[in-house]
Amino acid sequence: MHLRFFLLPVALLLAGAAAVATLRPPRGADYETLPPDPAALHAVLASQPIALAEAARIAEERVEGGKAALVRLLGPDRPRFAVEVVTASGERREIVVEAAGGRVISTVVKGRFPGDPTYGKWTEAPSGLKYFELREGDGPTPPDPTAKVKVHYTGWLVDGTKFDSSVDRGQPATFGLNQVIKGWTEGVGSMKVGGKRKLIVPFSLGYGVQGRGPTIPPKATLIFDVELLEILP
């Protein structure tokens with residue numbers, strides 16, 4: 001039997017709506033590989049010409065002012081070190097270093113949050129909602145908290161786990177702003193049509209202390225990239 005992962009459908013965003021989850025395996029999930037044996041992992045690390053500390057130093061040299069925050073071993077068939085380097089300005093890069101000789105294989109710029117990259121500081125509302133204006137729209141703003149809107153969105157947990165996406169389904173979502181979680185009512189309700197925001201929703205404006213079903217943990221901060229497509233009659 002294959003394990004399956006519950007993704008949230010649009011209905012789960014609706015406050016008070018029944019939780020009807022669709023079963024869908026996460027992309028790229030691997031349920032077959034067992035965690036490595038600690039002794040074998042130690043042997044692999046000990047046999048490499050480049051150690052973790054050396055890989056961190058090599059990665060730091062690639063980023064001006066960078067400091068290694070995390071080093072992971074990739075492999076073991078072709079051992080490599082993935083080093084996450086951060087700077088004082090908030091830039092994050094993942095640099096992959098070959099364990100056999102210290103050659104840098106790849107460098108990927110990573111954002112602080114999943115989804116579209118963010119720049120500058122967020123806007124924080126008195127409620128605790130935070131958001132980045134990814135693209136400011138040039139259309140109207142929903143007239144009131146009962147307005148019906150059409151949006152495209154993707155939602156993640158803070159660890160980067162994607163739990164729902166109208167973009168992946170290829171079907172925008174429509175709903176009344178008074179039918180969704182409070183973070184959406186506030187965050188989408190002040191957008192302009194054509195705009196896109198990254199909403200950072202604290203649990204008090206999301207699914208609360210209890211969470212929701214198997215997908216939203218208790219006290220979960222949720223991150224959404226939301227594009228306001230249309231205000232419906």
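About the cut-offs
- Residues numbered from 1 in each chain as written.
- Predicted model: local features only at pLDDT ≥ 70, side-chain atom pairs only at ≥ 80, totals over all residues.
- Heavy atoms only, no water.
- Phe/Tyr/Trp six-rings, centres within 6.5 Å; stacked < 30°, edge-to-face > 60°.
- Helix = DSSP H or I, 4+ residues; strand = E, 2+ residues; numbered from the N terminus.
- Pairing = 2+ DSSP bridges.
- Axes fitted to C-alpha atoms, helices over the stretch in contact; angles between N-to-C directions.
- Contact = heavy atoms within 4.5 Å.
- Buried < 20%, exposed > 50% of the residue type's maximum accessible area, 1.4 Å probe, protein only.
- Polar contact = N/O pair within 3.5 Å; in protein donor to acceptor, adjacent residues only side chain to side chain.
- Core = buried A, V, L, I, M, F, W, Y, C linked by side-chain atoms within 4.5 Å.

So what's going on with the packing of aromatic side chains? Which residues, and what values?
Applying the stated rule across the entire model yields 7 aromatic pairs. Ring centres of F113 and F132 lie 5.9 Å apart, and the angle between their planes is 50°; this geometry places the pair in the tilted category. Note that F113 is positioned in the loop between β6 (104-110) and β7 (123-124) and F132 in strand β8 (residues 130-135), a separation of 19 residues in sequence. The interplanar angle of 55° and the centroid separation of 5.3 Å between the aromatic rings of F175 and W184 together place this pair among those described as tilted.

Provide a residue-level description of the sheet that holds strand β3 (residues 67-74), including the pertinent values.
Sheet strands pair by backbone hydrogen bonding; their relative direction is either parallel or antiparallel. Reading across from one edge, β3-β4-β5-β6 is the order of the 4 strands in this open sheet, with antiparallel pairing throughout. With one partner strand each, in any of the chains shown, β3 and β6 form the two edges of the open sheet. Across the sheet, the mean angle from the axis of one strand to that of its neighbour is 20°, orientation sign disregarded. Across 7 bridges, the pairing between strand β4 (residues 80-86) and strand β5 (residues 92-98) is antiparallel. Note that in β5 the partner of V83 across the bridge is I95. Its contacts with the sheet put helix α2 (residues 52-61) on β3, β4, β5 and β6, and the angle it makes with β4 is roughly 50°.

How would you summarise helix α1 (residues 38-47) if you had to cite specific residues and measurements?
With 0 of its 10 residues buried, α1 lies for the most part at the surface. The N-cap of α1, judged by a side-chain oxygen 3.2 Å from the amide nitrogen of A39 a few residues on, is D37.

Help me get a handle on the nonpolar core, residues and values and all.
The tendency in soluble globular proteins is for nonpolar side chains to be buried as a group. Judged by nonpolar contacts, the single largest core of 28 residues is most densely connected at V151, W184, V188, L222 and F224. When residues no more than four places from it in sequence are discounted, the contact partners of L222 are W156, L157, F163, L199, I200, V201, Y207 and I216. Among the nonpolar cores identified, the runner-up in size contains 12 residues, and I50, F81, V97 and A99 belong to it.

Kindly report on the side chain of E84, identifying the contributing residues and their values.
With respect to the secondary-structure elements, E84 resides in strand β4. Residue E84 is classed as buried on the basis of its relative accessible area of 14%. Sequence-distant contacts of E84, that is, excluding residues within four places in its chain, are made with K67, A68, A69, L70, R92, R93, E94 and K110.

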